[in-house]
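Listed below, chain by chain, are the residues.
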Amino acid sequence: MITETTSGNRGLQQAEPLIFETGHATGTGVDLPAPKGAKDRLGGLKRKAALDLPGLSEPETMRHFVRLSQKNYAIDLGLFPLGSCTMKHNPRLNERVARLEGFADLHPLQPTSTIQGALELMDDLAHWLCTLTGMPAVALSPKAGAHGEFAGMLAIKAALEARGEGEKRKRVLVPSSAHGTNPATAAAAGFTVDEIPGRADGRVHLDDVKAKLGSDVAAIMITNPNTCGLFEPEIRNIADAIHAAGAYLYCDGANFNAIVGKVRPGDLGVDAMHINLHKTFSTPHGGGGPGAGPTVLSEALAPFAPVPHIVKRADGSRVLVEHAEDDGEAFGRMCAFHGQMGMFTRALAYMMSHGSDGLRQVAEDAVLNANYLRARLKPHFSAPFGDRPCMHEVLLDDESIRPKGVETIDLAKALLDEGYHPFTTYFPLVVHGAMLIEPTETEPKRELDRFADVMIALAERVNAGDVQFFKQSPQLTPMRRLDDTRAARQPKLRWRRAGDDAARKAAE
Ligand SMILES: *Cc1c(COP(=O)(O)O)cnc(C)c1O
């Protein structure tokens, strides 16, 4: 089989250098007359050397970006089993609605009398989020899951300070299976992180939480369903114990898609929880668009919610409370304006088009699909918690293939050649060689079977002892196996034209 070609192209996939390598300052896609009568107003600060921007003709520009886009894997192209990330189909209806000029073309400083529709949309979204979570308040402005965590932890901090316990309560409990953003958020908000060690069943136990409680504990950050894809059955008792100890329960709600319409986090005793609109409510994320992480808050934390708030007046119009000073105990604000309007629009379109029964079915189908994959893959891979049903994602590990010389990373690379973006690798950290697979509810059975067939064929290849095949994977991608460690430790963040380094050295 050929793995290299003369052109560097692979079949109809075109090789494409960096734009700086192909373009040249004199190339251009436009032909404009020189401006007449323009006066130099730079006061002698005019650039002396050429800027060296890459210029390309219009067709070349088009091709450059289309070629790059074809190197991208996308949810519109195939199943994207990246666990924890909820890569699901984004209905085009959402995109259509988000592009309506009355939502898309607003300026954040426009007078509120001219943005009443947008404020109503945000209010409606807030209502849906509060209803679905069973919580009384929501801060819409955080711009990602991690940002929402930060909002929640700052609300907890403000509540503790208001109680005069800000100095005393500094410890935040975080299970070792948590997403890395949880301990990072706690630390960034000024708390110390105390890890609750993992247990063999992948769950957080009440006894382990109780053993850590004390008058210096501010909060616990718990994920439910957790990052092993399991529901935390002791959550209610954990909430009671946390509250009895005078602390708060932060819930990482990134996995809300597994329980939306089925379980209201407010009923579980949650005090604060962010919702990744870009996961549960479908909006694009990763390379596909910005995120939004609204944070719902309990009665106890609601007064400390950051500004802005929308207030509805008696005449039905809406106004914005913009300044923390005008808002009692608000801890401040999370971002310059109101949050990600485009995401709010998409999320509300998604909710309204599904309806409450449709959202419940989202959770049911997401869990069904994950369990279907669990059932098909379990005979071929080791599944640390595979004897029981999972929630919206199934966790496998490389325990059964490692003795044969193949690890999680090798399997992930082989999957690339099969045309799949790999599952999440080596997360959660509590499971050695983790492979976290989240199919989401938008995959039909046919796609799940195609994926399972590929995974099973790869497992059989491991059993046949074809270790070399795995170590050489991927063979068909534009780049072969990269040195991930070096890429992370010594990233090349700037492109330099060949000879630049030599020229600089000579000049020094
Ligand atoms: C995605 C995710 C986050 C962080 O969300 P971002 O929007 O990427 O900041 C936090 N916790 C869990 C469990 C997640 O899956």
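Use the structure listed above.
Scoring rules and cut-offs
- Residues numbered from 1 in each chain as written.
- Predicted model: local features only at pLDDT ≥ 70, side-chain atom pairs only at ≥ 80, totals over all residues.
- Heavy atoms only, no water.
- Near = heavy atom within 4 Å.
- Polar contact = N/O pair within 3.5 Å; in protein donor to acceptor, adjacent residues only side chain to side chain.
- Areas by Shrake-Rupley, 256 points an atom, 1.4 Å probe, with all protein chains shown as cover.
- Helix = DSSP H or I, 4+ residues; strand = E, 2+ residues; numbered from the N terminus.
- Nonpolar A, V, L, I, M, F, W, Y, C, P; charged D, E, K, R; others polar.
- Pairing = 2+ DSSP bridges.
- Contact = heavy atoms within 4.5 Å.

*Asks:* So what's going on with the site of the ligand? Residues and values would help.
*Replies:* Taken together, Ser-84, Ala-144, Gly-145, Ala-146, Glu-149, His-179, Thr-181, Asp-252, Ala-254, Asn-276, His-278 and Lys-279 make up all the residues around the ligand. Note that an oxygen atom of the ligand is positioned 2.7 Å from one of the side-chain N or O atoms of Ser-84. In the complex, the protein chains occlude 85% of the 380 Å² of accessible area that the ligand would expose alone. Sorting the residues of the shell around the ligand by element identifies α6 (145–162) and α10 (277–280) as the ones contributing at least two each. The element best represented in the shell around the ligand is α6, accounting for 3 residues. Residue classes in the shell around the ligand are distributed as 3 nonpolar, 6 polar and 3 charged.

*Asks:* Give me the sheet that holds strand β12 (residues 435–437): which residues, what numbers.
*Replies:* Reading across from one edge, β10-β12-β11 is the order of the 3 strands in this open sheet, with antiparallel pairing throughout. Edge strands, defined here as strands with exactly one partner in the open sheet, are β10 (394–396) and β11 (424–425). Sheet topology places β11 next to β12; 2 bridges connect them, and they run antiparallel. Residue pairing in the sheet places Thr-425 in a bridge with Met-435 of β12.

*Asks:* I'd love a proper account of the environment of Asp-417, names of residues and values included.
*Replies:* By the element assignment, Asp-417 lies in helix α12 (residues 408–417). Sequence spacing of Asp-417 and Glu-399 is 18 residues, and the spatial spacing of their C-alpha atoms is 23 Å. Leave out the neighbours within four places in its chain, and Asp-417 touches Ser-473, Pro-474, Gln-475, Leu-476 and Thr-477.

Shape is all these values report; function is a separate question.
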